[in-house]
Amino acid sequence: MEDKKNKMKKSSSLSLPSPENGIYDEEKQSCGSDSPSKTSRRKPGGWRAMPYVLGNETFERLASVGLLANFMQFLLTVFHMDQVSASNVLNIWSGVTNFIPLLGAFISDAYIGRFWTIAFASVFEMMGMLTLTFIPWLPQLHPPPCNTKVGQQCKGPNKSHLGFLAMGLGFLSIGSGGIRPCSIPFGVDQFDSTTDEGRKGIASFFNWYYTSFTVVLIIALTLVVYIQESVSWVIGFGIPTVLMFLSLILFFIGTRVYVYVKPEGSIFSSIVKVFVAMHKKRKLKLPDERESNGVFYDPPLPKDSIVKKLPLTNKYRSLNKAAIVMEGEINTNGTPTNTWRLCSIQQIEEVKCLLKIIPVWATGIICFTAMAQQGTFTMSQALKMDRHLGPKFQIPAGTLSVISMITIGIWLPIYDRLIVPSIRKVTRIEGGITLLQRIGIGMVFSILSMVVAGQIEKVRRNSAIMHGSADGIAPITVMWLAPQLILMGFAEAFNIIGQIEFYNKEFPENMSSVANSLFSCTVAGASYLSSFLVNILHNTTGGHGHPDWLTKDINQGRVENYYYLIAGLGVLNLFWFIYVARRYQYKTRLEVDDGIKPYSEVHDLQNMKY
């Protein structure tokens, strides 16, 4: 072992660039540094690029949301699927769509950059929208309409119908896989984060991004859904397709204004290298702090890098073995002879950032499972309620989700302008409360929403059974669903926005694509969990002459039990989240004290947690 120490000390003169050889205790510093690294100056597009970036984002989201906002009803009424099959299609497709951004982030970071990733993905999304527009347009691509007046049995889709549907959804998945992980980072790239003006621009960009997203959802869930249900599915799908084409044109118009950040290599390959190098050096003993001078590989970052230098920490300490320099492992120019045996401190600390965020990420799955019901069983409820608003106008079932969006749109300005400043005076935290506290509050609202949804479903079903209408519609207004949707709006305002901001702030700069794809993976996990629960309950509940909870006729089922199950899982998940959050240490934490300044590494460590 003594020979190994001598080899380590002789092999490199590279030392950590911080006091006491740069070994930071995990109680002093966590996964990052507040001081920016020295980067070369660039001329960012800034707000000159925003009309094209935000315009492209707005049209793209309006197109994709407008196309799919009412898709559950499309599958029920045009494809004649039962609610379990339609729910499975949506959940499986959503799962695939939200996992693919990991691949998009890899391609963007390793090979072609964010601009070309968004460009190619937009073309695939356009192809997907064209395909889905053809389905209601051409009779041979969907089942024949039902003639319920003569008692005709509705025919379901055949293999060719399902194949064409799968092709369209597949193109959309590929498109989303490139756009979702790159859209926010590409907008952030347009600002210089090393200047006050650039940082203010980035903060403003997030506000405009959230605002435009909410406005888009409201338009899609009202105007576009109404056209789909009351005018024509062809026109209702065609409008989003045209908007996607406009998005593509607008994106390319801004090519002369954009800042193009070159791909610096994929973080995924770097992660694998860290674990391989650690495994190969697993038998080495980590040196004490006093003996660490020159032991760890810590090259300087490239001058034009946008990444901030991360110091070595003692969290997940065994990973540090991957940076121990052995004899002959460094070339004369300072590069490793084998990148699968020697990794830099920067690579190791980036992996640590990912590892400590994963437990927080996992808690979002069950919370989002509750939110996902707005597009499935909430719509099934709405279809069996009185949706008339006046003698002639009928509210489309897919429009009801706009109640959540209106809640978000009203709440966010009040929260940001009135509540946060008041709380900030007490907590001395920039955002009033920590991001993890914001995420936790959203979880509470999602649980309450499921409990209320179960209670309302019992009222709706009892009314439908007592009324005994031939169409099974309960003679109560669909606005009975408003309380559960309002509560879900609060859940989204706290949890979703909190998650997105948390990932973007806690990941290093070169992992921003991963940060945004990680939220998509939360949605994917929720979709698969929802599909798993639906199929388990469909196959195991009921029996002895009683239908299952999620049977085709919602009036004969027990959908409220499904809601209560999700609420129960949410309570267990909340306890786990509190346990994880109380042990989390932030990369950056801002304190308010006659202005905003970073916390000292040794400042009130207990207050830096959940």
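For the structure, see preceding data.
On a predicted model such as this, the values are computed, not experimentally measured, just so you know.

(A) Region of the structure containing the overall build of the protein. Looking only at helices and strands, one finds 15 helices and six strands in the protein. Taking all contacts inside the protein whose residues are at least 6 apart in sequence as the whole, residues at least 24 apart take part in 82%. Carbon and sulfur atoms provide 62% of the accessible area of the protein, an area that totals close to 27,200 Å².

(B) Examining the environment of Val402 more closely. Note that Val402 resides in helix H11 (residues 402-427). In this structure, the C-alpha to C-alpha distance between Val402 and Ile219, residues 183 residues apart in sequence, is 8.6 Å. Excluding residues that lie within four positions of it along the chain, Val402 makes contacts with Ile218, Leu221 and Thr222.

(C) Examining the packing of aromatic side chains more closely. Following the criterion strictly, the structure yields 34 aromatic pairs and no others. On the numbers, 5.8 Å between centres and 20 degrees between planes, the contact of Phe134 with Trp137 is stacked. With Phe134 and Trp137 both in helix H4 (residues 83-137) and three residues apart, this pair spans about one turn of that helix. Classification of Phe134 as partly exposed rests on a relative accessible area of 32%. When the ring of Phe445 is compared with that of Phe490, the centres are 5.2 Å apart and the planes differ by 25 degrees; the resulting orientation is stacked. With Phe445 in helix H12 (residues 435-467) and Phe490 in helix H13 (residues 482-506), this pair connects stretches of sequence that are 45 residues apart. Assessed through its relative accessible area of 21%, Phe490 is described here as partly exposed. Following the ring pairs from residue to residue traces out a cluster consisting of Phe115, Trp116, Phe120, Phe186, Phe251, Phe252, Tyr258 and Tyr260. If you follow Lys315 out to its NZ or CZ, it ends over the ring of Tyr316, 5.3 Å from the centre. Lying across the ring of Tyr584, Lys356 places its NZ or CZ 4.5 Å from the centre.

(D) Expanded view of the side chain of Ser173. The residue Ser173 is located in helix H5 (residues 159-189) in this model. Accessibility expressed as a relative area gives 3% for Ser173, which makes it buried. Side-chain polar atoms of Ser173 contact the side chain of Trp93, separated by 3.2 Å. Here Ser173 is in contact with Trp93, Val96, Thr97 and Ile100, once residues within four sequence places are set aside.

(E) How the structure looks around the packing of helix H2 (residues 50-68) against H5. The N-to-C vectors of H2 and H5 enclose an angle of 150 degrees; their axes lie 12 Å apart at closest approach. In this view, H2 runs roughly antiparallel relative to H5, as classed from their interaxial angle. The way H2 lies across H5 gives a crossing that is left-handed. In contact with Met50, Val53, Glu57, Glu60, Leu67 and Leu68 of H2, H5 contributes Leu169, Leu172, Ile179, Ser183, Phe186 and Gly187. Taken together, the residues of the contact of H2 with H5 sort by class into eight nonpolar, two polar and two charged.

(F) Local environment of a nonpolar patch on the surface. Judged by side-chain polarity, Leu103, Ile107, Tyr111, Ile112, Trp116, Phe120 and Phe252 come together as a nonpolar surface patch covering roughly 700 Å² of accessible area. With six residues, H4 is the single largest residue contributor to the nonpolar patch. Counting through the fold element by element, Phe252 comes out in helix H7 (residues 233-253).

(G) Representation of the packing of helix H9 (residues 345-372) against helix H15 (residues 559-581) within the structure. Packing of H9 against H15 brings their axes to within 9 Å, and their N-to-C directions diverge by 160 degrees. For the element pair H9 / H15, the angle class is roughly antiparallel. Between H9 and H15 the crossing geometry is left-handed. For the pair formed by H9 and H15, the contact residues are Pro359, Val360, Thr363, Ile366, Cys367, Thr369 and Ala370 on the first element and Ile566, Leu569, Gly570, Asn573, Trp576, Phe577 and Val580 on the second. A breakdown of the residues in the contact of H9 with H15 according to their chemical character gives ten nonpolar, four polar and no charged.

(H) Geometry of the nonpolar core. In this structure, Leu436, Phe502, Tyr503 and Tyr562 are the most contacted members of the largest nonpolar core, which totals 86 residues. Not counting residues within four places of it along the chain, the set of residues in contact with Tyr503 comprises Ile357, Trp361, Ala515, Leu518, Phe519 and Thr522.

(I) Representation of H4 in the model. For H4, which comprises 55 residues, the first-to-last C-alpha distance of 23 Å sits more than 12% below the rise-based estimate of 81 Å (1.5 Å per residue). The principal kink in H4, of about 120 degrees, is found at Ile112. Between the side-chain oxygen at the start of H4 and the backbone nitrogen of Ser85 there is a gap of 2.8 Å, and the oxygen is on Asp82.

Each value, and the rule that gives it
- Residues numbered from 1 in each chain as written.
- Predicted model: local features only at pLDDT ≥ 70, side-chain atom pairs only at ≥ 80, totals over all residues.
- Heavy atoms only, no water.
- Helix = DSSP H or I, 4+ residues; strand = E, 2+ residues; numbered from the N terminus.
- Contact = heavy atoms within 4.5 Å.
- Areas by Shrake-Rupley, 256 points an atom, 1.4 Å probe, with all protein chains shown as cover.
- Phe/Tyr/Trp six-rings, centres within 6.5 Å; stacked < 30°, edge-to-face > 60°.
- Buried < 20%, exposed > 50% of the residue type's maximum accessible area, 1.4 Å probe, protein only.
- Lys NZ or Arg CZ within 6 Å of the ring centre and 35° of its normal.
- Polar contact = N/O pair within 3.5 Å; in protein donor to acceptor, adjacent residues only side chain to side chain.
- Axes fitted to C-alpha atoms, helices over the stretch in contact; angles between N-to-C directions.
- Parallel < 35°, antiparallel > 145°, perpendicular 65-115°, else oblique.
- Left-handed = near helix turned anticlockwise from the far one by under 90°.
- Nonpolar A, V, L, I, M, F, W, Y, C, P; charged D, E, K, R; others polar.
- Patch = residues over 30% accessible without salt bridge, like charges linked within 9 Å, V, L, I, M, F, W, Y side chains within 5 Å.
- Salt bridge = Lys/Arg side-chain N within 4 Å of Asp/Glu carboxyl O.
- Core = buried A, V, L, I, M, F, W, Y, C linked by side-chain atoms within 4.5 Å.
- Expected span 1.5 Å × (residues − 1).
- Bend = angle between axes of the 7 residues up to and from the residue.

Function cannot be inferred from these measures alone, as they are strictly geometric.
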